[in-house]
Amino acid sequence: MNIVSLFNHSFVQRKNKTAIIFGNQQYSFGELDTRSNQMAHVLVKKGLTFGDRLCLYAENSLSFIDVYIACIKIGVIFVPVNILYKERELLHIYNDAKPKVFISSVEIPGEIIKYWDIKILAEEAKHESTKAIEINISGDTAAAIIYTSGTTGASKGAVLTNNNFIVNAVNLITCWEIKEEDKLLLALPLFHVHGLANGLHCWLISGCTIKLLERFEHQKAAEEFLQFQPTIFFGVPTMYIRMLDFENSVADQIGSLVKLFVSGSAPLPPHVLEAFKEKYHHVILERYGMTETLMNISNPYIGERRAGTVGLPLPGVSAKIMNADGKEVALGEEGELHIKGGNVFKEYWMREEATKNSFAEGYFKTGDMAICSADGYYTLKGRKSDLIISGGFNIYPREIEEYLMEQEGIAEASVVGVSHELRGEVPVAYIVPTNGSIDLQKIEENCKKTFASFKIPKSFILVEKLPRTALGKVQKHLLPKP
């Protein structure tokens, strides 16, 4: 069985039910099935076959969903690309995934990446057959490659199978009690597993109705809630922080409509959970997942949602905490969290050694430090590496550091995450100039041309030297506070 088999519960049995609202457009599940069949015919006519990779660089839209479902239906491996990425980042994924096709909703500068315009494809699809293309796709078939940065700064593609997506969606629908009669407001980007694997899959399988937003705009968010009247909302901490600014009367109305608020992709500060509870009369459900594993651990829908924790392992997920010697620690002791289950990815794309090094005795080594309480609640204590999570997006400092050291006038560079009230963390760059001075404004402008906005250092600080150990490793905790 593949994940489309579960989508068919909605495509066939709920074909006349309203499936999605996007802007002023509205479609039933049957119409979505038809649209994706037509898009599948377009892709096949353009030469895509089973196992080929297709990169999609686009903002949230109906066409994004059409392309994604079409890929799943014909066994083409879907590779979503962060719409905030710039040429340097795009080229890495393009050269690594080696897609047969790169589709974009925006103009990509230069001639290096050849791409198709998604708007043109959507027009072509209108004239194609509405019949499904019959092809044998199993649960073990790769469905997507989603890129996640590595500690070296080189982005790696996590290969996720149909079974990975099935296990994740069935767990969430069951544990979070997502029903056909629910209404899901989704403002998460679909290029991220939070929006794709949680949002789209839970919607398509449960048969609830979704309102998809192109992005979360806090100035318009209150109106979206009141107009659509959702019962479920998936968000990241930054969104919930913004929602604390809503008028109390608006918060009361929203709180009376929604049965479940879920937060993920970055740690939710306990004080935000408490403030939200006071204002909306709801305890946000915090959970924990990764690109490589989808959802691992979750606070319960029924039961205590414990502030500061990510809850209990989901059904079929095994978790243990290991010390540096590879031995399991006692309850209450800190160590690295290891995960095993049908949710865990197959491999890193074309990186056999990285895949091998990421597993121990069948468990995926998450790189997250954690402790487990006597009653089974897990609390994350930070990254084993120096990952920065800003507004739900992962930033690995090495990628930025390597670029900075390519710039004229920079001898050394180190990037660290510092606390930020809205985004959780933001990157700050420490720079050692070659000749005592440097044009920091120019360096910042270069970064803005090169990186997605969330990766651009919040500030650039000149230092005489970087503190290092005897073996030359930078001691980031000894850098001066910004």
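Residues numbered from 1 in each chain as written. Predicted model: local features only at pLDDT ≥ 70, side-chain atom pairs only at ≥ 80, totals over all residues. Heavy atoms only, no water.

> Is there a simple way to explain the overall build of the protein chain in this structure?
Looking only at helices and strands, the protein chain features 14 helices and 26 strands. In terms of principal-axis extent, the alpha carbons of the protein chain reach across some 65 × 55 × 50 Å. Look at the contacts in the protein chain between residues 6 or more apart in sequence, and 67% of them connect residues 24 or more apart. Summing over all exposed atoms, the protein chain offers an accessible surface of approximately 20,900 Å²; the carbon and sulfur share of this is 50%. In the protein chain, which carries 51 positive and 56 negative side-chain charges, the distance between the mean positions of the two groups comes to 2 Å. (Helix = DSSP H or I, 4+ residues; strand = E, 2+ residues; numbered from the N terminus. Contact = heavy atoms within 4.5 Å. Areas by Shrake-Rupley, 256 points an atom, 1.4 Å probe, with all protein chains shown as cover. Lys, Arg positive; Asp, Glu negative; His and termini not counted. Charge placed at Lys NZ, Arg CZ, Asp CG, Glu CD.)

> What am I meant to see in the sheet that holds strand E12 (residues 260–263) here?
Backbone hydrogen bonds hold the strands of a sheet together, and the pairing may be parallel or antiparallel. In spatial order, the strands read E2-E1-E10-E9-E11-E12-E13-E14-E15; together these nine strands make up an open sheet with mixed pairing. The open sheet terminates on both sides in strands that have one partner only, identified here as strand E2 (25–28) and strand E15 (312–313). Where strand E1 (residues 18–22) and strand E10 (residues 209–212) come together, two bridges link them in parallel fashion. Bridged to Ile21 within E10 is Lys211. Sheet contacts for helix H3 (residues 62–74): E1, E2 and E10; angle to E1, the most-contacted strand, approximately 135 degrees. (Pairing = 2+ DSSP bridges. Axes fitted to C-alpha atoms, helices over the stretch in contact; angles between N-to-C directions.)

> In this structure, what is going on with the sheet that holds strand E26 (residues 459–462)? I would like to understand it.
Spatially, three strands are ordered E24-E25-E26 in an open sheet, and the strand pairing comes out mixed. Of all the strands in the sheet, just strand E24 (410–420) and E26 have a single pairing partner and so form its edges. Going from strand to strand, the sheet's axes swing by 25 degrees on average, the running direction of each strand aside. Note that E24 and strand E25 (residues 424–433) share 10 bridges and pair antiparallel. What sits directly across from Ala413, in E25, is Ile431. The sheet strands contacting helix H13 (residues 397–404) are E24, E25 and E26, and the helix crosses E24 at an angle near 145 degrees. Lying over the sheet, helix H14 (residues 440–450) contacts E24, E25 and E26, oriented at roughly 140 degrees with respect to E26.

> Would you mind showing me how to read the nonpolar core here?
Across soluble globular proteins, you tend to see nonpolar side chains buried next to one another. By size, the foremost hydrophobic cluster in this structure holds 117 residues, and its most contacted members are Leu54, Phe165, Trp203, Met243 and Phe261. Looking at this core, the element that brings in the most residues is H3, giving 10 residues. Ranked by size, the runner-up nonpolar core spans 38 residues in total, among them Val81, Leu404, Ile410 and Ile456. (Core = buried A, V, L, I, M, F, W, Y, C linked by side-chain atoms within 4.5 Å. Buried < 20%, exposed > 50% of the residue type's maximum accessible area, 1.4 Å probe, protein only.)

> Would you mind going over H13 with me for this structure?
Each α-helix turn comprises 3.6 residues. Residues three or four places apart therefore point the same way. Counted residue by residue, H13 has six buried out of eight residues, so it is predominantly covered. Buried within H13 we find Pro397, Glu399, Ile400, Glu401, Tyr403 and Leu404.

> Is there a simple way to explain unusual backbone geometry in this structure?
Residues other than glycine predominantly adopt negative phi, and peptide bonds predominantly adopt the trans conformation. Even without a glycine there, the phi angle at Glu177 is positive, about 50 degrees. Structurally, the position occupied by Glu177 is in the loop between helix H6 (162–175) and strand E9 (183–186). Judged by its relative accessible area of 28%, Glu177 is partly exposed. In this structure, Gln229 takes a positive phi of about 55 degrees despite not being glycine. Among the structural elements, Gln229 can be located in the loop between helix H8 (218–228) and strand E11 (232–235). Its relative accessible area of 41% is what places Gln229 among the partly exposed residues.

> I'm lost on helix H7 (residues 193–206) in this one. Help?
With 14 of its 14 residues buried, H7 lies for the most part within the structure. In the segment just after H7, Gly207 is the residue with positive phi, at about 85 degrees.

> What is the right way to read the packing of H3 against H7 from this model?
For any two helices packed against each other, one specifies the inter-axial angle together with the distance between the axes. Their axes nearest at 13 Å, the elements H3 and H7 cross at an angle of 80 degrees. Accordingly, the angle class assigned to the pair H3 and H7 is roughly perpendicular. Contacts from Ile65, Tyr68 and Ile69 in H3 reach Leu196, Leu200, His201, Trp203 and Leu204 in H7. For the contact of H3 with H7, the class distribution of residues is seven nonpolar, one polar and no charged. (Parallel < 35°, antiparallel > 145°, perpendicular 65-115°, else oblique. Nonpolar A, V, L, I, M, F, W, Y, C, P; charged D, E, K, R; others polar.)

> Just checking my understanding: could you explain the pattern of salt bridges for this structure?
Side-chain pairing between opposite charges can occur once the charged atoms of the two side chains come close. According to the stated counting rule, one finds 23 salt bridges in the structure shown. Put simply, Glu123 and Lys126 hold a salt bridge, and the shortest N to O gap is 2.9 Å. In this structure Lys126 comes out as exposed when scored by relative accessible area, which is 55%. We note a salt bridge from Glu224 to Lys211, for which the minimum N-O separation is 2.8 Å. Pair noted here: Glu224 is in helix H8 and Lys211 is in strand E10, with a separation of 13 residues, a long-range link. Each of the two residues, Glu224 as well as Lys211, counts as buried. Here the salt bridges do not stand alone but share partners, grouping Glu89, Glu399 and Lys455 into one network. (Salt bridge = Lys/Arg side-chain N within 4 Å of Asp/Glu carboxyl O.)

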